[in-house]
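# Architecture and fold: a report
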Amino acid sequence: MSNELASINRDELLLEVKDLKKHFPIRKGVIRRSTGLVKAVDGVNLYVKKGETLGLVGESGCGKTTTGRTIIRLLDPTDGEIHFNDPKIGWVDLAKMERKDLMQVRPHMQIIFQDPFSSLDPRMTVQRIVSEPLMINKLATGSELQDRVAELLRTVGMRPEYMSRYPHAFSGGQRQRIGIARALALNPKLIICDEPVSALDVSIQAQVLNLLEDLQQDLDLTYIFVAHDLSVVEHISDRVAVMYVGRLVELASTENLYYSPKHPYTEALMAAVPKPDPRKRDRPIKLPGEVASPANPPSGCYFHPRCRYAKDICSKETPPLKEVAPEHFAACHFAGELKLRGVLA
Amino acid sequence: MNQSSESTTKSVFEGEDTIIKVRDLHTYFYTDLGISRALNGVNLEIPRGKVMGVVGESGCGKSVTALSIMRMVAKPGKIVQGDITFFRKDKKKNDAIEEINLTKLEGMGPEMRSIRGAQMSMIFQEPMTSLNPSYTIGDQIMEAIILHQNVDKVEAERRAVEILDGVGMANPSLIVKRYPHELSGGMRQRAMISLALSCTPAVLFADEPTTALDVTTEAQILDLMRDLQKRIDMSIVFITHNLGVVAQMCDYVTVMYLGRVVEQATIDDTFYNPMHPYTSSLLRSIPHVGSHQKDRLKPIRGVVPDPYSKVKGCPFHPRCDKAMRGLCDVKVPGLTVVGKSHTVRCFLHSDVEEESTYVQ
Ligand SMILES: Nc1ncnc2c1ncn2[C@@H]1O[C@H](COP(=O)(O)OP(=O)(O)OP(=O)(O)O)[C@@H](O)[C@H]1O
Ligand SMILES: Nc1ncnc2c1ncn2[C@@H]1O[C@H](COP(=O)(O)OP(=O)(O)OP(=O)(O)O)[C@@H](O)[C@H]1O
Ligand code: SF4
Ligand code: SF4
Ligand SMILES: [Mg+2]
Ligand SMILES: [Mg+2]
């Protein structure tokens, strides 16, 4: 994809991922012999601009979480490049970095998890949870540490007086705020938000989304926002990437992706979003069969067994992700020709 | 409460016929922490042959309402007050309506069990709660069919395959031989819907039936439920907190807050003319996909009070932007008809007060 990116000034980018792969061995039997591979991430190409939110969507198991975790090297990639524009040292390829060198860059990248009920250690006080990253990186001690934790809690809209309490004393929305405070402790540039509001009630969801938007403004943060709720993704994202069985099938501005998609899978997703308007009722596009397994994907275009536009070539050749309009990428042999329907306006 | 004046099935929803009417229902849970007042005077009507959505924040009593009507509330829970009337239509008797007060029946008694099998069923959010892991899908559906429809095994199997086919399951004659764990999430959900529909219920309670599924699977299951609902003319009570799903699925909407119904209206009124401040706040708090708008979301301030506490006055007043001091924090508004097919419980629209709200 890098050639097509010539038009974008690399100084504007924070991250550029090339052909990223993460394969997990499938182990069977008592001696745990490897009998195959789950190709959870199988050639992901994307870029993220400084200060933007890139939404990452796709069905359960398509590899969103694995992509996010591999990008920040919580998982080691099987193959590919992860170029990160470090504010101090400039461009580095995280995929090739040794663990000890990673220590320098890792603080710039944080993650917020889906489940506010299990992602916080129940035996730690809020003070401990939020201060841990600062202690590990030896960035503050004593009263300075206290002050920083208090400041972080205030930043996420919580009262510092709550510091000595344990997570169970807080509601889902409050726990998610604690998780965010912890993620902010090291002044990160990039935050992977992995389904941060999926487990929350609608009204609490709105509070957390607003908080994330405010923080982005105030602290100049860049987000990769993983979610399966396409309404939330439309609301928060500047651009959106759609994944299907370990690969990106489409990458575009939110507006283009939602209203003039170029990939048949994106079209099916858009038709399926339940619109909160009874005067705009829509019927889903029939998708026969099931999502392909990343352990045993079909030939050619992974979407071909379910695609209503598929032709002979689709089961034979894998379509590459190519730029079909400025900054609009799609992996479909017919991306330029098909007239596809976006979300009903 | 005197029921004799309400013995007709005429509905607050214009042109509809009521199949279930709930009056002043209180269901409490007696726990170590105290009394959890899950339902605190629920009043609602379920229209016959229509889809009614039930929405509201987590803990407002959506599931307990369905379980109470089905008489499946288990200890430490108990229905402490109220009436649930089921207007049963008897096809063999020229569609004569029989009025049954479900609260007077024994929850686990033979009558209630027979109603649960033959006229009411429920789909749960987690399919494994109603599918038995040690029997094949086919056996489970066939058992339900044989139990209620007086047919032999061969005919039951034929019908089981037919029902699975009807819910869009590929290869239904193979699927009947499979065990639940051999199916994907979406297939299990379809199997559970088949099981719930095997007795062609008059009322189906669907409790978050698609919340755990991907959008494409969800959309397909919703489409299917809508088709089936039209085909066999059943009433669906669709519990969800996804307002998008409500807009796509339902004819009417019941909005609940803290164990009470605060508004009932047509689907169009709910979205275009909501009258209860809570309903409007809920709608403002969600992103509206397809609107091209990126306006800031407007969360409802504060949180739902816990069900162990007793809120004085209108239960929503601590979070309501329109609360009137000296009124809303003192008196409890009653559910009143405010327009065509529209009832609401709020002093902005009526000065009707409600007397007792907590049973001791
Ligand atoms: N540690 C692991 N070992 C083996 N397989 C794994 C591992 N982690 C993930 N997988 C597999 O990789 C695939 C992608 O998983 P991943 O969690 O990234 O998907 P996801 O898109 O985040 O899904 P969801 O929406 O359900 O969170 C799945 O098939 C999953 O089973
Ligand atoms: N077994 C139980 N013991 C104690 N309290 C209970 C029990 N079951 C339900 N409750 C309480 O009853 C209230 C209503 O619960 P219910 O499950 O009906 O909520 P809901 O509206 O379905 O919420 P959700 O959207 O989270 O499913 C809650 O406050 C809940 O804590
Ligand atoms: S390449 Fe072929 S099968 Fe794949 S999405 Fe395009 S038309 Fe469909
Ligand atoms: S009765 Fe008062 S507090 Fe309650 S919803 Fe109406 S205006 Fe708000
Ligand atoms: Mg995930
Ligand atoms: Mg529930």
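Look a little higher up for the structure.
Let me begin by describing the structure that accompanies this report. (Residues numbered from 1 in each chain as written. Chains lettered and ligands numbered in written order. Predicted model: local features only at pLDDT ≥ 70, side-chain atom pairs only at ≥ 80, totals over all residues. Heavy atoms only, no water.)

## Considerations on the overall build of chain A
So the rule is basically this: Helix and strand assignments come from DSSP, with helices taken as H or I runs of at least 4 residues and strands as E runs of at least 2, each series counted from the N terminus. Our radius of gyration is a C-alpha quantity, and the globule rule it is checked against amounts to 2.2 Å times the number of residues to the power 0.38. Think of it in three bands: with a 1.4 Å probe and only protein chains considered, a residue is buried below 20% of the maximum accessible area for its type, exposed above 50%, and partly exposed in between. Throughout, a residue-residue contact means that at least one pair of heavy atoms, one from each residue, lies within 4.5 Å. Note on areas: Shrake-Rupley, 1.4 Å probe, and residue coverage restricted to the protein chains presented here. Just so you know, the count uses Lys and Arg for positive and Asp and Glu for negative, and it drops His and the chain ends. Charged side chains are reduced to one point each, which is NZ for Lys, CZ for Arg, CG for Asp and CD for Glu.
When helices and strands are counted, chain A shows nine helices and twelve strands. Taking 345 residues into account, the globule formula puts the C-alpha radius of gyration at 20 Å, and chain A, at 21 Å, falls close to it. Dimensions along the principal axes, computed over C-alpha positions, put chain A at roughly 70 × 50 × 50 Å. In chain A, buried positions account for 57% of the 345 residues. Here the analysis covers contacts within chain A between residues at least 6 apart in sequence; of these, 65% occur between residues at least 24 apart. In the structure as shown, chain A presents an accessible area of about 14,800 Å², 49% of it carried by carbon and sulfur atoms. Charge separation in chain A, taken as the distance between the mean sites of 46 positive and 43 negative side-chain charges, equals 6 Å.

## Side note on the site of ligand 2
Residues and elements named next belong to chain B. For the record, the criterion: Only heavy atoms are used to decide nearness, and a residue is near a molecule or strand if one of them lies within 4 Å of it. N or O atoms within 3.5 Å of each other form a polar contact, as long as, within protein, one can give a hydrogen and the other can take it, and as long as residues adjacent in sequence are counted only when both atoms are side-chain atoms. The classification used treats Ala, Val, Leu, Ile, Met, Phe, Trp, Tyr, Cys and Pro as nonpolar, Asp, Glu, Lys and Arg as charged, and all other residues, Gly among them, as polar.
With respect to spatial proximity, 13 residues lie near ligand 2, and among them S58, G59, K62, S63 and V64 are the closest. Within the backbone of G61, one N or O atom sits 3.0 Å away from an oxygen atom of ligand 2. Out of a free accessible area of 640 Å², ligand 2 has 69% covered by protein chains. Elements with a minimum of two residues in the shell around ligand 2: β1 (18-31), β2 (34-47) and α1 (62-69). Class assignment of the residues belonging to the shell around ligand 2 gives a composition of five nonpolar, seven polar and one charged.

## Some points on the nonpolar core
This is how it is decided: For the purposes of this section, nonpolar cores are sets of buried Ala, Val, Leu, Ile, Met, Phe, Trp, Tyr and Cys residues that join through side-chain atoms within 4.5 Å.
Counting 73 residues, the largest nonpolar core has V130, L153, I178, I180, L184, F225 and Y258 of chain A as the members making the most contacts within it. A total of seven residues in this core trace back to one element, the largest contributor, which is helix α6 (residues 202-219) of chain A. Setting aside its immediate chain neighbours within four residues, L184 of chain A contacts R148, L152, T155, V156, I191, L215, L219 and L221 of chain A. In terms of nonpolar packing, the next biggest core, distinct from the first, is built from 60 residues, V51, A144, L213 and L224 of chain B among them.

## Topic: the packing of helix α3 (residues 126-136) of chain A against helix α5 (residues 172-184) of chain A
Residues and elements named next belong to chain A. Using the following cut-off: Lines are fitted to the C-alpha atoms to define the axes, a helix being fitted only along its stretch in contact, and any angle between axes, read from their N-to-C directions, falls within 0 to 180 degrees. Roughly parallel means an angle under 35 degrees; roughly antiparallel means over 145; roughly perpendicular covers 65 to 115; every other angle is labelled oblique. Crossing chirality is assigned from the near helix's rotation relative to the far helix, an anticlockwise turn below a right angle marking it left-handed and a clockwise turn marking it right-handed.
Two elements in contact, α3 and α5, have axes whose closest approach is 7 Å; the angle formed by their N-to-C orientations is 30°. The angle between α3 and α5 places the two elements in the roughly parallel class. Crossing geometry of α3 relative to α5 is assigned as right-handed. Contacts from V126, I129, V130, E132 and P133 in α3 reach I178, A181 and R182 in α5.

## Let's talk about the sheet that holds strand β8 (residues 222-226) of chain A
Either a parallel or an antiparallel arrangement is found when strands of a sheet pair, and the pairing is made through backbone hydrogen bonds. All names here are of chain A. Selection criterion: Note on pairing: DSSP must find at least two bridges between two strands before they are called paired.
With mixed pairing, eight strands are arranged side by side in an open sheet as β6-β7-β8-β3-β9-β10-β12-β11. The sheet terminates laterally at β6 (109-112) and β11 (322-325), the two strands that pair on one side only. Strand-to-strand, the axes of this sheet are offset by a mean angle of 25°, without reference to chain direction. Bridge count between β11 and strand β12 (residues 328-330): three bridges; the pairing is antiparallel. Within β12, the residue paired with K322 across the bridge is A330. The sheet contacts of α5 involve β6 and β7 (190-194), and relative to β6 the element is tilted by about 175°.

## Notes on the interface of chain A and chain B
Rules: Buried area is understood as the total, over both parts, of accessible area removed when two parts are fitted together, assessed with a 1.4 Å probe. Take a side-chain nitrogen of Lys or Arg and a carboxyl oxygen of Asp or Glu: if they are within 4 Å of each other, that pair is a salt bridge.
With 45 residues of chain A at the interface, the matching set in chain B holds 45 residues. Each partner contributes to the roughly 3,900 Å² buried at the junction of chain A and chain B, and carbon and sulfur atoms together form 53% of this total. On the chain A side of the contact with chain B, H235, P276 and R281 of chain A bury the most area, a combined 17% of that side's loss. Counting across the chain A and chain B interface gives four salt bridges. Note that D223 of chain B is salt-bridged to R283 of chain A, the shortest N-O span being 2.7 Å. Elements with a minimum of two residues in the side of chain A that touches chain B: α6, α7 (230-236), α8 (254-259) and α9 (264-272) of chain A. When residues in the side of chain A that touches chain B are grouped by element, the largest group, nine residues, is from α6 of chain A.

## Concerning the packing of aromatic side chains
Counted only if it meets this: By convention, a stacked pair of Phe, Tyr or Trp rings (six-membered ring in the case of Trp) has centres within 6.5 Å and planes under 30 degrees apart, an edge-to-face pair has planes over 60 apart, and any other such pair is tilted. The rule is short: NZ of Lys or CZ of Arg within 6 Å of the ring centre and within 35 degrees of the ring normal puts a charge over the ring.
Across all of its chains, the model carries ten aromatic pairs over all chains by this definition. Seen from their ring centres, Y28 of chain B and Y30 of chain B are 6.5 Å apart, and the 55° between their planes marks the pair as tilted. The class of Y30 of chain B is partly exposed, set by a relative accessible area of 37%. Three or more aromatic residues link up through ring pairs in this structure, and these residues are Y244, Y265 and F303 of chain A. Between R10 of chain A and the ring centre of W91 of chain A, over which it is positioned, the NZ or CZ distance is 4.2 Å. If you follow R239 of chain A out to its NZ or CZ, it ends over the ring of Y47 of chain A, 4.2 Å from the centre.

## Quick notes on the sheet that holds β2 of chain B
Residue and element names in this part refer to chain B. The sheet built from four strands is open, its strands ordered β2-β1-β4-β5 with antiparallel pairing. The open sheet is flanked by β2 and β5 (96-101), the only strands paired with a single partner. Along the sheet, successive strands turn relative to each other by an average axial angle of 10°, direction set aside. Taken strand by strand, α1 contacts β1, β2 and β4 (77-90), and its axis lies near 70° from that of β2.

## Examining the environment of D19 of chain A
Residues and elements named next belong to chain A. With respect to the helices, strands and loops of the structure, D19 is situated in strand β1 (residues 13-28). Here D19 falls in the partly exposed class, since its relative accessible area comes to 38%. Measuring from C-alpha to C-alpha, the distance between D19 and Y259 comes to 27 Å, with 240 residues separating the pair along the chain. Those residues within four positions of D19 in sequence are excluded, and the remaining contacts are G43, V44, N45, D79 and G80.

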